[in-house]
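So the chains spell out like this:
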Amino acid sequence: RVMLYPSSWDPNEVDKLDQSLTPVARLLQAAVSDYFVKLQPIEVLHQNGTTEKTWADSYTKLLAFNLTDFDRVLAIDSDSVVLQNLDELFLLPEAPLAMPFVYWGEPQGWQFSSQMMLITPSADAFSKIEVAIREAKKDESQKWDPDTMKSEAKFIHFSDYPIPKPWMRAPKDLLNKHMPKCRQSEWFGATDCRDRTIWLKLYYDFAMRRKAVCGPGFELQSQELPPDSIYRHGRWFHPDEVG
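Residues numbered from 1 in each chain as written. Predicted model: local features only at pLDDT ≥ 70, side-chain atom pairs only at ≥ 80, totals over all residues. Heavy atoms only, no water.

Per an unreviewed UniProt entry, the protein chain is named Glucose N-acetyltransferase, and its organism is Lachnellula willkommii. In its Sequence similarities (unreviewed entry) section, the UniProt record describing the protein chain reads: "Belongs to the MNN1/MNT family." (UniProt positions renumbered as here; feature names shortened; annotations may be inferred.)

Dropping the structure here:
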């Protein structure tokens, strides 16, 4: 396991008041001792010319292309949860890059999601990425069943804008407006709220797991959200995501 973290973070930083490790330093050290993670300090790749800070540093994940000490790297977003073992992905046929299709609307043309990337690191590929940065099928025949999908899922990516990221506390009115709606069941016209129940539990489990692993100081935070979102292809988008 390799963890890319901003070089501005000091794994040995001490709180001046009580001389204990700061929360960031404590967690970086715990990543090494408890989870056998190799720490890799990096310089954040910042995107200029954007008004939305949420995605301004998203290019940083592409630094995984430069991890040439490894034959293959599986890069996953930090706002995700691994539910089951993913080792079989490393057995996929050799390719410079493998990515899942987008999960909103029908994939057309070059529409893949960077939430998970199976990468063959390459100095040449990374140099091309650096230049590019500077210059900067929905299957309707398959019946949707949330319990089946949840049991088969190995990876969860939280992207439910305008609902904030899972480490932030969403206001109740926002949850009530944008959480999955209950559907009418085929059985005697009863109400089916499994989508909502599973969705809420995924966020709850993330918060509980984060608090249990990270400890005090990592409770859910409150956040003021930007203006109204835009609804397309069955999901909500931030205005900057839609041209």
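**Q** Mind laying out the sheet that holds strand β6 (residues 116–119), listing which residues take part and the relevant values?
**A** Spatial ordering of the open sheet is given by β3-β6-β5, a layout of three strands whose pairing is antiparallel. Looking at the sheet topology across the chains shown, the edges are occupied by β3 (73–76) and β5 (97–98). Where β3 and β6 come together, four bridges link them in antiparallel fashion. If you follow valine 73 over to β6, its bridge partner there is isoleucine 119. (Pairing = 2+ DSSP bridges. Helix = DSSP H or I, 4+ residues; strand = E, 2+ residues; numbered from the N terminus.)

**Q** Help me get a handle on helix α2 (residues 123–134), residues and values and all.
**A** Here α2 contains twelve residues, and its C-alpha end-to-end distance of 17 Å stays within 8% of the 16 Å for a straight helix at 1.5 Å per residue. Here α2 has its buried residues at Phe126, Ile129 and Ile133. The arc that holds every buried residue of α2, seen down its axis, measures 55°, which confines them to one face. Exposed and oriented more than 90 degrees from the buried face of α2 are Lys128 and Arg134. Its side-chain oxygen placed 3.3 Å from the backbone nitrogen of aspartate 124, serine 122 serves as the N-cap of α2. (Expected span 1.5 Å × (residues − 1). Buried < 20%, exposed > 50% of the residue type's maximum accessible area, 1.4 Å probe, protein only. Arc of directions from axis to C-beta. Polar contact = N/O pair within 3.5 Å; in protein donor to acceptor, adjacent residues only side chain to side chain.)

**Q** Now, about the pattern of salt bridges: what can you tell me, with residues and values included?
**A** Opposite charge on two side chains makes pairing possible when the charged atoms of those side chains draw close. Scanning the model with the defined rule gives ten salt bridges in all. In this structure, aspartate 77 and lysine 61 form a salt bridge, with 2.9 Å as the shortest nitrogen-oxygen distance. Residue aspartate 77 is found in the loop between β3 and β4 (80–82), and its partner lysine 61 is found in the loop between β2 (38–42) and β3; the two are separated by 16 residues along the sequence. By relative accessible area, which is 22% here, lysine 61 ends up partly exposed. Notably, a salt bridge pairs aspartate 147 with arginine 194, separated by 2.7 Å at the nearest N-O pair. Taken together, the residues aspartate 147 in helix α3 (residues 146–152) and arginine 194 in helix α5 (residues 194–214) connect sequence positions 47 residues apart. By relative accessible area, aspartate 147 is classed as partly exposed at 39%. The network of salt bridges with shared partners includes Asp145, Asp147, Arg183, Asp192, Arg194 and Asp195. (Salt bridge = Lys/Arg side-chain N within 4 Å of Asp/Glu carboxyl O.)

**Q** With reference to specific residues and values, describe the side chain of aspartate 192.
**A** In this fold, aspartate 192 is placed in strand β10 (residues 191–192). Here arginine 194 takes part through its side chain, which lies 3.0 Å from a polar atom of the side chain of aspartate 192. Contacts of aspartate 192, omitting those with residues within four sequence positions, involve Cys182, Arg183 and Ser185. (Contact = heavy atoms within 4.5 Å.)

**Q** Give a description of the state of the cysteines that names residues and reports values.
**A** A complete count under the given rule lists one disulfide for this structure. Disulfide pairing places cysteine 182 opposite cysteine 193 at an S-S distance of 1.9 Å. Where cysteine 182 bonds to cysteine 193 through sulfur, the torsion about that S-S bond is close to 110°, and the disulfide is right-handed. One end of the pair, cysteine 182, is in the loop between α4 (172–178) and β9 (183–184); the other, cysteine 193, is in the loop between β10 and α5, and eleven residues separate them in sequence. Classification of cysteine 193 as partly exposed rests on a relative accessible area of 27%. (Disulfide = S-S within 2.5 Å.)

**Q** Can you tell me about the environment of serine 8, naming the residues and giving the values?
**A** Looking at the secondary structure, you find serine 8 in the loop between β1 (2–6) and α1 (23–35). Note: C-alpha distance between serine 8 and valine 44 (36 residues apart in sequence) is 9.6 Å.

**Q** Which residues make up the side chain of aspartate 79, and what values go with them?
**A** With respect to the element layout, aspartate 79 can be found in the loop between β3 and β4. Separated by 2.4 Å, the side chains of aspartate 79 and lysine 165 make a polar contact. Beyond its immediate chain neighbours, meaning those up to four positions away, aspartate 79 contacts Ile156, His157, Phe158, Lys165, Pro166 and Trp167.

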